[in-house]
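An overview of the molecular structure
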Amino acid sequence: MNILILGSGGREHALAWAVMQNPKCDKLIVAPGNAGIAQIADCAAFDIEDGGAVVAFAEENAIDFVIVGPEAPLAAGVADRLREAGLLVFGPSEAAARLEASKSFTKEICDAASAPTAGYGHFTDAEAAKAHVRANGVPTVVKADGLAAGKGVIIAMTEDEAMAAIDDMFGGVFGGAGAEVVIEEFMEGEEASLFVLVDGEDVLAIGSAQDHKRVGEGDTGLNTGGMGAYSPAPVLSAEVEAKAMDEIVKPTMRVMAERGMPYQGVLYAGLMIKDGQPRLVEYNVRFGDPECQVLMMRLGAQALDLMHAAAEGRLAEAQVNWADDHAITVVMAAEGYPGSYEKFSEIKGLDALPEDSSNMVFHAGTKTQDGKVLAVGGRVLNVTARGETLQEARDRAYAMVDGVDWPQGFFRRDIGWRALK
Ligand code: AMP
Ligand code: GLY
């Protein structure tokens, strides 16, 4: 099989690493890719949000299977264009990708499916939104309806904060994403993510993970795209997972199919779990980043077979071969992230690190120049390891982190603390 992966982050490096291990992969191209990906696959540059450009590239390069990493090409209809051209693709249609691109859409699907989630109101003007907050009290959660690069969610502890957030969103702070606002009941509990493959009809859970969104140790400080993750998530026990599948994932996927928008790809269910009961926080229509890195570390080569089965509608006959293992990834970021940071500092020591089925440094934001590896992003490296226990995986990952010579970088020392406690 000739395979094309779209994307350029640590998530796509991990996908490429898993796919390359599968003998069914004859050739792999990643667009646009990054310096780490370039060590294991060909990289190509074209606009991955332009469906016509993706189709043309896939046809010219005799691609048999396209795997879409990030949400933006999906929300732009790239999977639809590929399917129309008769190409096999892993990733939902533009219509189904609204599960990530519109929060009110997802809430409405949850209503139709009777799936447990936070109570909410959906508003197109500030006055009605404010009246809802006054009537329902705080804490509450104010969300821009559309895609806002992970920044469109404000947890308001006071009524003043909620009112300010509503004014900001309708005032255009998040551009068009904030033209509609969803106000949700604040849910308490522990968060975890469940990853499920869906082929339009059948579903297959392929693992759970927890990430650390805050920049600082002890889960403090500003929100980031994720400073580390581990899999499995202890809070997602077999019982809780079964409830999440039966009460949330399967009913919502059924509603999507009934409405003529069958979902195909990976569904990332962000869950809040309290007293053994999961409720949906959000859906994403792609793998999490950095959660994908720990999932790929655990799944290895079978990840390709599973994604291929989802794309071909064969999930009913697919199964996951579970190893009883744990994986962890530690994000190394540029000093200053998630605020402003310097680019082009040199990273040394990577060549001496182990690279095998239990140890891997995935690149998220690097570039090679004159034989040197340079940092060119906020999140730069995802140092990932696997072990029989989470402790073993953690010790391996931090041993690698300590081998990276990059004075301009930083990382959290406490990834996995909740699960190790
Ligand atoms: P979202 O982009 O919807 O995942 O929101 C980002 C983060 O905000 C989530 O990962 C949660 O930590 C938090 N969050 C979102 N909605 C709620 C809610 N209704 N109750 C409590 N926390 C929430
Ligand atoms: N790590 C969170 C996300 O990928 O959305």
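Just above sits the structure.
Below: a short report on this structure. Note that the coordinates shown come from a computational prediction; the quantities given were computed from them, not determined experimentally.

Looking at the sheet that holds strand β2 (residues 27–32)
Taken together, five strands build an open sheet; the order of strands is β3-β2-β1-β4-β5 and the sheet is parallel. Pairing within the sheet leaves two strands with one partner each, and these edge strands are β3 (42–43) and β5 (88–90). As paired elements, strand β1 (residues 2–7) and β2 share six bridges and run parallel to each other. Looking at the pairing, Ile 3 lines up with Leu 28 of β2.

Re the site of ligand 2
Contacts to ligand 2 come from Asp 211, Gly 225, Tyr 268, Asn 284, Arg 286, Gly 288, Asp 289, Pro 290 and Glu 291. Interatomic distance of 3.0 Å between a side-chain N/O atom of Arg 286 and an oxygen atom of ligand 2. With respect to ligand 2, the side chain of Glu 291 contributes an N or O atom lying 2.9 Å from a nitrogen atom. In isolation ligand 2 offers 200 Å² of accessible surface; the protein chains occlude 87% of this area. Counted by class, the shell around ligand 2 contains two nonpolar, three polar and four charged residues.

Concerning the site of ligand 1
The environment of ligand 1 is made up of 15 residues, and the closest members are Glu 184, Glu 185, Met 187, Glu 191 and Glu 282. Between ligand 1 and Lys 143 there is a distance of 2.9 Å, counted from a nitrogen atom to a side-chain nitrogen or oxygen. Within the side chain of Glu 282, a nitrogen or oxygen atom sits 2.8 Å from an oxygen atom of ligand 1. In isolation ligand 1 exposes 470 Å². Once the protein is present, 88% of that is buried.

Quick notes on empty space enclosed by the protein
According to the stated counting rule, one finds one cavity of 30 Å³ or more in the structure shown. Looking at the largest cavity, it is lined by 13 residues, and the ones nearest its centre are Lys 103, Thr 106, Val 281, Glu 282 and Tyr 283. Of all the elements in the fold, those that place two or more residues in the lining of the largest cavity are α6 (98–101), α7 (103–113) and β16 (277–284). Examining the composition of the lining of the largest cavity, we find that four residues originate from one element, β16, more than from any other. Taken together, the residues that form the lining of the largest cavity break down as four nonpolar, three polar and six charged.

Criteria and thresholds
- One numbering rule holds for all chains: residues counted from 1, following each sequence as written.
- Numbering of ligands from 1 and lettering of chains from A proceed in the order in which they are written.
- pLDDT decides what is reported in this predicted model: residues at 70 or higher carry local features, side-chain atom pairs at 80 or more are listed and counted, and totals for whole chains, interfaces and linings draw on all residues regardless.
- To obtain the side-chain values, all non-hydrogen atoms of the structure were included, while hydrogens and water were left out.
- The rule for pairing is simple: two strands pair if DSSP sees at least two bridges between them.
- A run of DSSP states H or I qualifies as a helix once it reaches four residues; a run of E qualifies as a strand once it reaches two. Both are numbered from the N-terminal end.
- Here, proximity means that at least one heavy atom of the residue falls within 4 Å of the molecule or strand.
- Polar contacts, as counted here, are pairs of nitrogen or oxygen atoms within 3.5 Å of one another; within protein the pair requires one atom able to donate a hydrogen and one able to accept it, and residues that are adjacent in sequence qualify only if both atoms are side-chain atoms.
- Computed with the Shrake-Rupley method and a 1.4 Å probe, the accessible areas treat only the protein chains shown as cover for residues.
- Under this grouping Gly is polar, as are all residues other than the nonpolar Ala, Val, Leu, Ile, Met, Phe, Trp, Tyr, Cys and Pro and the charged Asp, Glu, Lys and Arg.
- Here a cavity is any set of points on a 1 Å grid over the protein atoms alone where a 1.4 Å probe fits but cannot get out, and a pocket is any open set with protein on both sides within 12 Å along at least 5 of 7 lines; a residue lines the site when it has an atom within 4 Å of a point.
- Grid points are joined across faces, edges and corners, and a volume is the space filled by probe spheres set on the points.

Remember that the coordinates give geometry; whether it matters functionally is a separate question.
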